[in-house]
Amino acid sequence: MRILHCSDVHVTLDYLKLPLLKLGWRRWIALGELWRGRARAYSEAGDTIRQIVRDFHSLGADHLIVSGDLTAYALPGEFEGARAALGELASDPRRCTVIPGNHDVYTPGAYRDQRFERTFQPLLRSDLPEYQREGIWPMVRLWGEDVAIIGLKSARVPAVPGLSFGVIGRRQLGGLRDAVNDPRLSERAVVVVVHHAPLTRRGRRDKLHHGLADKDALFRIARGPRFAVLHGHIHQRYHHAATETRPHLFGAGSSTQRGREGYWLIEVERGRIAGGRMLEPGAAAASAA
Ligand SMILES: [Fe+2]
Ligand SMILES: [Fe+2]
């Protein structure tokens with residue numbers, strides 16, 4: 001099985017074109033300046049996603065995974081843009097898995113309105129609903145004879161703006177543990193998808209205000225070469241090989257960020273994670289893992 005893993009595609013509306021912001025408030029102007037930089041970095045995000053979808057087909061990939069931050073600020077138009085760019089994959093749970101990132105639950109309003117869930121509702125299906133513990137999560141997909149994909153939600157609405165750490169939480173971790181212990185998964189490679197990074201590129205724990213708070217508990221459940229954790233959040237692309245005490249870790253970085261575009265093509269063979277290649281949209285292999 002071939003998995004195309006991208007992340008943090010951050011479909012971004014041009015904030016300055018939104019009517020609300022023409023009010024001329026100083027703080028809105030300041031915010032607009034910040035936003036302009038972001039808008040520039042992601043002005044082609046939709047087109048880059050479309051290229052990645054074309055790559056998905058030309059590479060003969062079986063499943064596309066987006067590990068969160070599909071939007072910049074969880075605006076309805078951004079969700080619509082992300083869904084449109086994914087095309088028919090956005091309604092095909094056999095070929096596509098998405099999970100929310102912190103930017104997709106950026107405001108209490110977006111969270112309350114369930115914008116992520118409503119946009120990607122056709123993809124939010126679990127083959128083993130008995131392990132759901134928090135909404136749809138963990139969301140388990142059995143793929144073929146030897147792969148299981150398990151989506152988790154680590155993104156929470158921050159109590160204070162600027163905090164962007166993630167928490168899977170005991171309930172989802174319990175569901176994950178029970179699913180992994182299910183005999184139907186015992187011969188399968190297990191691909192866990194979570195937004196926040198368990199480790200930085202240097203292999204260290206991320207900062208408290210930005211990292212995955214319960215990565216140790218995750219590693220106790222998912223470790224060794226049969227397991228991979230696919231994540232985003234840190235806008236860098238890297239891989240850490242599995243050890244006795246941790247799974248393979250694939251960070252897809254920000255797949256659409258101008259000048260840093262890319263994604264992973266991960267191979268799973270006979271119930272094991274066989275490796276991955278880092279690719280650029282529309283280009284050949286850039287490096288191997
Ligand atoms: Fe991000
Ligand atoms: Fe993020």
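Presented here is a report on the structure given in the accompanying data block. All of these numbers come straight from a predicted model, not from anything done at the bench.

Rules used in this analysis
- Residues numbered from 1 in each chain as written.
- Chains lettered and ligands numbered in written order.
- Predicted model: local features only at pLDDT ≥ 70, side-chain atom pairs only at ≥ 80, totals over all residues.
- Heavy atoms only, no water.
- Donors = N, O, S within 2.8 Å, 3.2 Å for Na, K, Ca; no water.
- Tetrahedral: all angles 85-135°; square planar, octahedral: opposite > 155°, others 65-115°.
- Helix = DSSP H or I, 4+ residues; strand = E, 2+ residues; numbered from the N terminus.
- Buried < 20%, exposed > 50% of the residue type's maximum accessible area, 1.4 Å probe, protein only.
- Pairing = 2+ DSSP bridges.
- Axes fitted to C-alpha atoms, helices over the stretch in contact; angles between N-to-C directions.
- Contact = heavy atoms within 4.5 Å.
- Phe/Tyr/Trp six-rings, centres within 6.5 Å; stacked < 30°, edge-to-face > 60°.

**Considering the coordination of the iron ion (ligand 1)**
Move 1: Each protein donor to the iron ion (ligand 1) is listed here as Asp-8 (OD), His-10 (NE2), Asp-69 (OD) and His-235 (NE2); together their distances run 2.0 to 2.3 Å.
Move 2: Coordination at the iron ion (ligand 1) is irregular: its 4 donor atoms span angles of 86 to 173° at the metal.
Move 3: Read from N- to C-terminus, the donor residues coordinating the iron ion (ligand 1) fall into the pattern D-x1-H-x58-D-x165-H.
Move 4: Taken as an interatomic distance, the gap from the iron ion (ligand 1) to the iron ion (ligand 2) is 3.5 Å; Asp-69 donates to each of them. Of this pair, His-10 sits in the loop between strand S1 (2-6) and helix H1 (26-41) while Asp-69 sits in the loop between strand S2 (63-66) and helix H3 (76-86), placing them 59 residues apart in sequence.
Move 5: Judged by its relative accessible area of 0%, His-10 is buried.
Move 6: Residue class for Asp-69 comes out buried when judged on its relative accessible area of 2%.

**Structural notes on the coordination of the iron ion (ligand 2)**
Octahedral metals with six donors have ideal donor angles of 90 or 180 degrees. Tetrahedral metals with four donors have an ideal donor angle of 109.5 degrees.
Move 1: Here the iron ion (ligand 2) is held by the protein donor atoms Asp-69 (OD), Asn-102 (OD1), His-195 (NE2) and His-233 (ND1), which lie 2.2 to 2.3 Å from it.
Move 2: Relative to the metal, the 4 donor atoms surrounding the iron ion (ligand 2) lie at angles of 86 to 162°, and the coordination shape comes out irregular.
Move 3: Taken in sequence order, the residues that donate to the iron ion (ligand 2) follow the motif D-x32-N-x92-H-x37-H.

**Description of the sheet that holds strand S7 (residues 227-231)**
Move 1: Strand order across the open sheet formed by 6 strands is S4-S5-S6-S7-S9-S8, with mixed pairing between neighbours. The sheet is open, and its two borders are formed by strand S4 (139-143) and strand S8 (237-240), each paired with just one other strand. Neighbour to neighbour, the strand axes of the sheet diverge by 15° on average, direction disregarded.
Move 2: As paired strands, S4 and strand S5 (residues 147-151) are joined by 5 bridges and run antiparallel to one another. Note on S5: the bridge partner recorded for Arg-141 is Ile-149.
Move 3: Helix H6 (residues 170-180) contacts S4, S5, strand S6 (189-193) and S7 of the sheet and is inclined by roughly 170° relative to S5.

**What to know about unusual backbone geometry**
The general pattern is negative phi for most residues beyond glycine and trans for most peptide bonds.
Move 1: A cis amide bond links Trp-137 with the next residue in sequence, Pro-138, at an omega value of -10°.
Move 2: Tracing the sequence through the fold places Pro-138 in the loop between helix H5 (115-119) and S4.
Move 3: The backbone of Asp-69 sits at a positive phi, close to 55°, despite the residue not being glycine.
Move 4: Here the phi dihedral of Gln-114 falls at roughly 55°; this positive angle occurs in a residue that is not glycine.

**Some points on the packing of aromatic side chains**
Move 1: Enumeration according to the criterion identifies 3 aromatic pairs in this entry.
Move 2: Taking 4.7 Å as the distance between ring centres and 90° as the angle between the ring planes, the aromatic pair formed by Tyr-73 and Tyr-106 counts as edge-to-face. Highlighted residues: Tyr-73 in the loop between S2 and H3 and Tyr-106 in the loop between strand S3 (96-98) and helix H4 (108-112), separated in sequence by 33 residues.
Move 3: Looking at Tyr-106, the relative accessible area reads 37%, which means it is partly exposed.

**Things to note about the environment of Val-229**
Move 1: Structurally, the position occupied by Val-229 is in strand S7.
Move 2: We classify Val-229 as buried; its relative accessible area is 0%.
Move 3: Residues Val-229 and Phe-250, spaced 21 residues apart in sequence, show a C-alpha to C-alpha distance of 6.3 Å.
Move 4: Once residues within four sequence positions are removed from consideration, Val-229 is found in contact with Val-192, Val-194, Pro-198, Leu-218, Pro-247, His-248, Leu-249 and Phe-250.

As far as function goes, none of this settles anything; it's purely spatial.
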